[in-house]
Amino acid sequence: MHYTDMSVLLIWLLRGVLGAPSYKDVPSYWVSKVFPKTNSVYFLSKKKHRCLLHPMNELCKTIGGYLAELDSVDEENFVAGFIKAHTKNNAFIGANDVKREGTFVYYNSKKPMPALKWLRGEPNDLNGEDCVEFKHTGLNDVKCDYISHYICELRLKRFI
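Remember, predicted model here, so these are calculated numbers, not experimental data.

Q: Explain the overall build of the protein here, please?
A: Assigned secondary structure in the protein consists of 3 helices and 9 strands. Listing each helix as α and each strand as β along the protein from the N terminus yields α-β-β-β-α-β-α-β-β-β-β-β. Relative to its 160 residues, the protein shows a buried fraction of 44%. Here the contacts in the protein between residues at least 6 apart in sequence split such that 65% fall between residues at least 24 apart. When the accessible surface of the protein is totalled, it reaches about 8,600 Å², and 56% of it is carbon and sulfur.

Q: Help me understand the state of the cysteines, please; the structure alone is not making it clear to me.
A: Disulfides are covalent bonds that connect the sulfur atoms of two cysteines. The full count for this structure, using the stated rule, is 2 disulfides. The residue that forms a disulfide with Cys 60 is Cys 152, at a sulfur-sulfur distance of 1.9 Å. Because the sign of the S-S torsion sets the handedness, a value of about -70 degrees for the bond joining Cys 60 and Cys 152 places this disulfide among the left-handed ones. Here Cys 60 is found in helix α2 (residues 53-61), whereas its partner Cys 152 is found in strand β9 (residues 147-155), with 92 residues between them in sequence. We classify Cys 60 as buried; its relative accessible area is 0%. The side chain of Cys 131 participates in a disulfide bridge whose partner is Cys 144; the two sulfur atoms lie 2.0 Å from each other. The chirality of the disulfide connecting Cys 131 with Cys 144 is right-handed, given an S-S dihedral of about 95 degrees. You can see Cys 131 sitting in strand β7 (residues 131-135) and its partner Cys 144 sitting in the loop between β8 (138-142) and β9, a full 13 residues away along the chain. Residue classification places Cys 144 among the partly exposed positions, given a relative accessible area of 22%.

Q: Help me out: how do you make sense of the pattern of salt bridges in this one?
A: In this structure the tally under the stated criterion is 3 salt bridges. Salt-bridge contacts for Arg 155 lead to Glu 153; the nearest nitrogen and oxygen are separated by 3.3 Å. Overall, Arg 155 belongs to the partly exposed group, its relative accessible area being 37%.

What counts, and at which threshold
Residues numbered from 1 in each chain as written. Predicted model: local features only at pLDDT ≥ 70, side-chain atom pairs only at ≥ 80, totals over all residues. Heavy atoms only, no water. Helix = DSSP H or I, 4+ residues; strand = E, 2+ residues; numbered from the N terminus. Buried < 20%, exposed > 50% of the residue type's maximum accessible area, 1.4 Å probe, protein only. Contact = heavy atoms within 4.5 Å. Areas by Shrake-Rupley, 256 points an atom, 1.4 Å probe, with all protein chains shown as cover. Disulfide = S-S within 2.5 Å. Salt bridge = Lys/Arg side-chain N within 4 Å of Asp/Glu carboxyl O.

Here it is, written out as structure tokens:
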């Protein structure tokens, strides 16, 4: 079963009826898009925020999600198009190399980040850059208190 953008609204309404977070709990300053291949919904902030791993991941948890974790080239391309359609800037994702320089893992799952498309010359750890922003042209390492948009991922499950 694949979800459409309209079905996301229905799911949030149903979850509200069942006692889980309701649609009104999803901040109105986010835009969303469904990636049909994995039934994930991505929520992109319309405004920039100081992006710190723990607080941003906690914001994502309020909708049942987590900071985005890109697991394939297809997913990377989908998210790139989504970011490009809604902002000329970039978006903070959940990857970081805080514990071991050069080894990027996802904050929420602790899984290693696969080899994805980095911008030319990146990652370069310039002035202690341990977090990752996703531009529509590739990945860039940035400081973990960087001011940016951020993107959450919510993996939808079947209701049947």
